[in-house]
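Working through the structure, step by step
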There are 2 protein chains.
Amino acid sequence: MLNSKRVVKYNGEAAYSVTVAGLRRLLPIIEIGEVTISNGRFKAYIASDSELVLGDVEFINAVSRELANLVRIHKPEVIVTPEAKAIALAYGVSRELGIGRFVVARKSVKAYMGKYVHVKVNSITTKGDQFLVLDSYAMGYVSNRNVCIVDDVVSTGGTINALEELMRISNAHVVCKAAIWIEGPWINDEEVLHLGELPIFIA
Amino acid sequence: MLNSKRVVKYNGEAAYSVTVAGLRRLLPIIEIGEVTISNGRFKAYIASDSELVLGDVEFINAVSRELANLVRIHKPEVIVTPEAKAIALAYGVSRELGIGRFVVARKSVKAYMGKYVHVKVNSITTKGDQFLVLDSYAMGYVSNRNVCIVDDVVSTGGTINALEELMRISNAHVVCKAAIWIEGPWINDEEVLHLGELPIFIA
């Protein structure tokens, strides 16, 4: 099992050091409960990034620029992201690309929404059912447009799959998927454009 | 009642035209249920802004610049904002000011949080109890620092009051409060730095 890609044994470290977009940061390691890897169940830990993408201005500036450089060749017309952690990142990438509009799939139905669609999300870090919601205005906006889905971390792919389903329902063309990090053994390197990799720590 | 500041009669309009930071935008008008104004209960409508602050890159760029110009004189060291609508704005204002870190008070307790404090929010647009949560890392960061609270719209002040309470508990110094718009009759012009005003529509 420890030979699996992006799976390492947890030895009680408090933090994990990463260098991305030329910046070194320490990510606190936190327990997330049990996960399934190759049919085995393990107590698992992840290097958590919330403090960075939700507040570190230098970091958001740098990764926005590098992600924009990665996705530019695919000529996206709109960036789509899930609420809430990657909102500043989606704005930053859009701004770097000169894109006028990004779209945030909300986590709940809001008062301002008339018609909407919602899709269930399977996530390793969120307990209970979670949904992503797109209102009819956003659906109309992405329809027949080239879309790049952007998130901070892709691990099992649950969130990004839900966004792809929302884009399919909306008749959008997903030209690329991009993240700062891919995490754990579940995602293929080729599936999501990324700046770095994060391990899942198991015990 | 119709002489109250920022309270107008609703005549069935679908949208409200605003010009802010040199940009003209049409805000859809949506019903929000009943509100209390001067001890009277009214069916109320607001000009809703979600599409702008959650996706309009030109708009976020422009209002971030203008809000930064308004708050600069107060020399904030950190920008604090509630999840989720104003996250891109908080990033934009921080970036314009050359501030390295903004802080997002979350709407729920997250797996990554060790210790945290939470404060109840009274909001006219959200049904049921809502809380804002700050973890011990963020509390330590804002402690003894000069903080500017930034949100997109301030109406009754429920959210901004909750943020001020979180700052008080954290020993932060709130040097200013700023928003794109103040809305309705509840907030004094002097209390919150702002770029524009929005009416509450009543019927």
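An account of the accompanying structure is given in this report. All figures in this text were calculated on a predicted structure; none of them were measured in a lab. Numbering of residues begins from 1 in every chain and follows the order in which that chain's sequence is written. As they are written, the chains are lettered A onward and the ligands numbered 1 onward, keeping that order. At least 70 in pLDDT is required for a residue's local features to be given in this predicted model, at least 80 for side-chain atom pairs to be given and counted, and no such filter applies to totals for whole chains, interfaces and linings, which use all residues. Side-chain calculation: all heavy atoms of the structure are included, whereas hydrogens and water are not.

**So, the interface of chain A and chain B**
- Across the contact, 34 residues belong to chain A and 33 residues belong to chain B.
- Sorting the residues of chain A by area buried against chain B places Glu-51, Leu-54 and Tyr-91 of chain A first, and these three jointly supply 23% of that buried surface.
- Any Lys or Arg side-chain nitrogen found within 4 Å of a carboxyl oxygen on Asp or Glu counts as a salt bridge. Where chain A packs against chain B, one counts 2 salt bridges.
- Note that Glu-51 of chain B is salt-bridged to Arg-101 of chain A, the shortest N-O span being 2.7 Å.
- Counted as a polar contact is a pair of N or O atoms within 3.5 Å, where, for protein atoms, one must be capable of donating a hydrogen and the other of accepting one, and residues adjacent in sequence contribute only when both atoms are in side chains. In this structure, the connection of chain A to chain B is made through 10 residue pairs in polar contact (both at pLDDT 80 or more).
- Strands are runs of DSSP state E lasting at least two residues, helices are runs of H or I lasting at least four, and both sets are numbered from the N terminus onward. Counting only elements with at least two residues in the side of chain A that touches chain B, the list comes to helix 1 (50-53), helix 2 (57-71), helix 3 (87-97) and strand 6 (102-105) of chain A. By the convention used here, residues are in contact when the closest approach between their heavy atoms is within 4.5 Å. A quick way to say it: buried area is the sum, across both parts, of accessible area lost when two parts are put together, with a 1.4 Å probe.

**Overview of the sheet that holds strand 6 (residues 102-105) of chain B**
Residue and element names in this part refer to chain B.
- Whether two strands pair depends on DSSP finding at least two bridges between them. Spatially, the 5 strands line up as an open sheet ordered 6-5-9-10-11, and their pairing is parallel. Single-partner strands in this sheet number two, and they are strand 6 and strand 11 (193-198). Between one strand and the next, the sheet's axes are offset by a mean angle of 25 degrees, whatever the strand orientation.
- Inspection of the sheet shows strand 9 (residues 146-154) paired to strand 10 (residues 173-183) by 8 bridges, in the parallel sense. By the bridge assignment for strand 10, Val-154 is matched with Ile-182.
- Only C-alpha atoms enter the line fits that serve as axes; for helices the fit covers just the stretch in contact. Angles between N-to-C directions range over 0 to 180 degrees. Across the face of the sheet, helix 3 (residues 87-97) comes into contact with strand 5 (78-82), strand 6, strand 9 and strand 10 while running at roughly 170 degrees to strand 5.

**A few points about helix 5 (residues 158-169) of chain A**
- What a helix is expected to span follows from its residue count: subtract one and scale by 1.5 Å. Compared with an ideal rise of 1.5 Å per residue, which puts 12 residues at 16 Å, helix 5 of chain A spans 17 Å between its outermost C-alpha atoms and is within 8% of the ideal.
- Buried residues of helix 5 of chain A: Gly-158, Thr-159, Ile-160, Ala-162, Leu-163, Leu-166 and Met-167 of chain A, and no others. Using a 1.4 Å probe on the protein chains alone, a residue whose accessible area is under 20% of its type maximum counts as buried, one over 50% counts as exposed, and one in between counts as partly exposed.

**Digging into the relation of the copies chain A and chain B**
- Least-squares fitting of chain A to chain B yields an RMSD of 0.0 Å, with the transformation described by 0.0 Å of translation along the axis and a rotation of 180 degrees. The symmetry that links the two subunits is that of a two-fold axis. Among all residues of chain A, the one whose C-alpha sits closest to the rotation axis is Ala-88 of chain A, at a distance of 2.3 Å.
- Taken as a fraction of all interface residues of chain A, those also at the interface in chain B reach 97%, which identifies the copy contact as same-surface. When the copies are superposed, the least-squares fit draws on C-alpha atoms of residues that have pLDDT of at least 70 in both.

**As for the environment of Glu-51 of chain A**
- In this structure, Glu-51 of chain A sits in helix 1.
- Glu-51 of chain A gets classed as partly exposed once you look at its relative accessible area, which sits at 21%.
- For the pair Glu-51 of chain A and Lys-85 of chain A, spaced 34 residues apart in sequence, the C-alpha separation works out to 9.6 Å.
- Sequence-distant contacts of Glu-51 of chain A, that is, excluding residues within four places in its chain, are made with Asp-56 of chain A together with Arg-101, Tyr-112, Asp-135 and Tyr-137 of chain B.
- One polar contact links Glu-51 of chain A to Arg-101 of chain B, side chain to side chain, over a distance of 2.7 Å.

**A word on the packing of aromatic side chains**
- Planes of paired rings set the category: under 30 degrees apart is stacked, over 60 is edge-to-face and the rest tilted, where pairs are Phe, Tyr or Trp rings (Trp by its six-membered ring) whose centres lie within 6.5 Å. Taken as a whole and assessed by the stated rule, the structure comprises 11 aromatic pairs over all chains.
- Consider the rings of Phe-59 of chain B and Trp-181 of chain B, whose centres lie 5.9 Å apart with planes at 25 degrees: the pair is stacked. Taken together, the residues span a long stretch of sequence, with Phe-59 of chain B in helix 2 (residues 57-71) and Trp-181 of chain B in strand 10 at a distance of 122 residues. The exposure classification of Phe-59 of chain B matches that of Trp-181 of chain B, with both residues buried.
- An aromatic cluster is defined as three or more aromatic residues linked by ring pairs; in this entry it consists of Tyr-10, Tyr-16, Tyr-45 and Phe-201 of chain A.
- Throughout this description, the term charge over a ring refers to an Arg CZ or Lys NZ atom that lies within 6 Å of the ring centre and within 35 degrees of the ring normal. The ring centre of Tyr-141 of chain B lies 5.1 Å from the NZ or CZ of Arg-101 of chain B, which sits over that ring.

**Some details on the pairing of strand 5 (residues 78-82) of chain A**
Residue and element names in this part refer to chain A.
- Taken across its 5 residues, strand 5 has 5 buried, putting it largely inside the fold.
- Neither face of strand 5 is exposed, since Val-78, Val-80 and Pro-82 on one face and Ile-79 and Thr-81 on the opposite face are all buried.
- Summarising the sheet, strand 5 and strand 9 (residues 146-154) pair through 3 bridges and their orientation is parallel. Bridge pairing links Val-78 to Val-147 in strand 9.
- Alignment of strand 5 against strand 6, held across 4 bridges, turns out to be parallel. Among the inter-strand pairings, Val-80 is bridged to a residue of strand 6, identified as Val-103.

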